[in-house]
Amino acid sequence: MTQRFKGEFTQQEPIAKEGIERALAVLRTGRLHRYNLAPREISESALLEQEFAAYTGARYCLAVTSGGYAMTTVLRALGLRPGETVLTNAFTLSPVPGAIAAAGGRPVLVETTEDLLIDLDDLERRMAAQPSRILLLSHMRGHIVDMDAMTAWCRERSVILVEDCAHTMGATWNGVKSGRHGHAACYSTQTYKHMNSGEGGLIVSDDADLMARATVLSGSYMLYGRHLAGPPDEVFARVRLETPNCSGRMDDLRAAILRPQLATLEENCRRWNERYEAVARELAQAAGLRLPHRSAAEGFVASSIQFNLPAFDAAQIEEFLARARERGVELKWFGAPEPAGYTSRHSSWAYLGEQDLPDTDRVLTTLIDMRLPLTFSLDDCRTVGAIIRECVHDQAVAGSQRQ
Ligand SMILES: *Cc1c(COP(=O)(O)O)cnc(C)c1O
């Protein structure tokens, strides 16, 4: 008997009661703007920044409108010049090259390894060809490269490392929180990430000058004194008149929804990984399916799972996806000729011009991607894993019969 899965791959958990109550409390005051405060009142946004700084161990934190805005703002605050090159992963989501473009820069895409990490050898080659001041490292789908090697490489070449932690909020490398290896880190609180406020972003850094500029850029006006996790006033005094306002503030409604979620983040990370393990255990038994190898130093948070089907050609992958879809399992394919939904690759970013990325192309051609929402039970995950395993098997049999 063939099993059919009935779950919804895009269904997140509801906002918990405490978040709803706090959000209602903000709505009742009418003071949704983070600087619209009663005397001695502290904004939800400022409290969120203080709590997220404490959580990550960063000196400063700024909450903004999105993860993409966070990255653009850090690049602007670092004084990115028009047309300046920024190194970044070829395997990432479109808002990453988009953030570089928004800041006036030019992305230089770096190759991807079979384990979905930035290729450090290719990074060296691209750096030689296009000497760059900044590396925007995207921990795409939560895969974390050897951060000891990465930070040493950056240090030796005086490259400023900015981390895109949209998929690594709550993750670690060698026990150090993701986002604390680089000069600055950007997080997203968009619905599909690890905390959900619909839209939203967070920046952390220990660099006072950078964070003062980022705060003024985000639209603090002269009200930066109302932040709790910002640099001292004298730093703002130096930058406030020479930094443009490119509005992108967090509002107190979203901050109110996020603060209680921070308290349950670690527990949710554990729950995501439980689900990942349940699916991965099934997939590990599928012949012809490759799961990326993960370093023991990587404390990942698996809100999604990736695997390659290296033996299948494009037609076989399409048939395999149709089999899985037929059985209720919604998979994304990074090798699809046309971008669909959220899934795109460098050839879909035509504004960058043609790219020469043979290794990335080879990896993405057979790369499959699946969300793991917390609304799935562990049983759901075992079912989904078994269906994928069976569909890979059925496809391999169908392929061999045709020959
Ligand atoms: C979602 C995402 C972002 C940006 O987040 P938004 O809040 O949607 O702008 C950045 N990088 C990666 C890898 C992402 O998946």
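Residues numbered from 1 in each chain as written. Predicted model: local features only at pLDDT ≥ 70, side-chain atom pairs only at ≥ 80, totals over all residues. Heavy atoms only, no water.

So, about the sheet that holds strand S13 (residues 367-371). Taken together, three strands build an open sheet; the order of strands is S11-S13-S12 and the sheet is antiparallel. Looking at the sheet topology across the chains shown, the edges are occupied by strand S11 (304-308) and strand S12 (332-333). Pairing analysis gives two bridges linking S12 to S13, with the strands arranged antiparallel. Following the sheet pairing, Trp 333 is matched in S13 by Ile 368. (Pairing = 2+ DSSP bridges. Helix = DSSP H or I, 4+ residues; strand = E, 2+ residues; numbered from the N terminus.)

The next thing to look at is the domain arrangement of the chain. Taken domain by domain, the chain comprises domain 1 (17-263) and domain 2 (265-402). The centre of domain 1, based on its C-alpha atoms, is set 28 Å off from the matching centre of domain 2. Taken together, the contacts link 40 residues of domain 1 with 37 residues of domain 2. Taken together, both faces of the contact between domain 1 and domain 2 bury some 3,100 Å²; the carbon and sulfur share is 55%. Its largest share of buried area at the contact with domain 2, domain 1 owes to Glu 114, Arg 141 and His 194, together 18% of the area lost on that side. In this assembly, domain 1 and domain 2 are joined by four salt bridges. Of the charged contacts in the structure, one is a salt bridge between Arg 141 and Asp 369, with a shortest N-O distance of 2.7 Å. Where domain 1 packs against domain 2, one counts 18 residue pairs in polar contact (both at pLDDT 80 or more). Secondary structure elements with two or more residues in the side of domain 1 that touches domain 2: helix H4 (95-102), strand S3 (106-110), strand S6 (172-173) and helix H9 (252-263). Within the side of domain 1 that touches domain 2, the residues separate by chemical class into 19 nonpolar, 13 polar and eight charged. (Domains from an automatic or database assignment. Contact = heavy atoms within 4.5 Å. Buried area = accessible area lost by both parts, 1.4 Å probe. Salt bridge = Lys/Arg side-chain N within 4 Å of Asp/Glu carboxyl O. Polar contact = N/O pair within 3.5 Å; in protein donor to acceptor, adjacent residues only side chain to side chain. Nonpolar A, V, L, I, M, F, W, Y, C, P; charged D, E, K, R; others polar.)

Applying the stated criterion across every chain, the model contains 10 aromatic pairs. Ring centres of Phe 9 and Phe 376 lie 5.0 Å apart, and the angle between their planes is 85 degrees; on these two criteria the pair is classed as edge-to-face. Note that Phe 9 is positioned in the segment before helix H1 (17-29) and Phe 376 in the loop between S13 and helix H13 (378-402), a separation of 367 residues in sequence. The exposure class of Phe 9 is buried, given its relative accessible area of 2%. Ring pairing ties together the aromatic residues Phe 5, Phe 9 and Phe 376, which thus form one cluster. For Arg 294, the ring lying beneath its charged end belongs to Phe 300, and the centroid distance is 3.7 Å. (Phe/Tyr/Trp six-rings, centres within 6.5 Å; stacked < 30°, edge-to-face > 60°. Buried < 20%, exposed > 50% of the residue type's maximum accessible area, 1.4 Å probe, protein only. Lys NZ or Arg CZ within 6 Å of the ring centre and 35° of its normal.)

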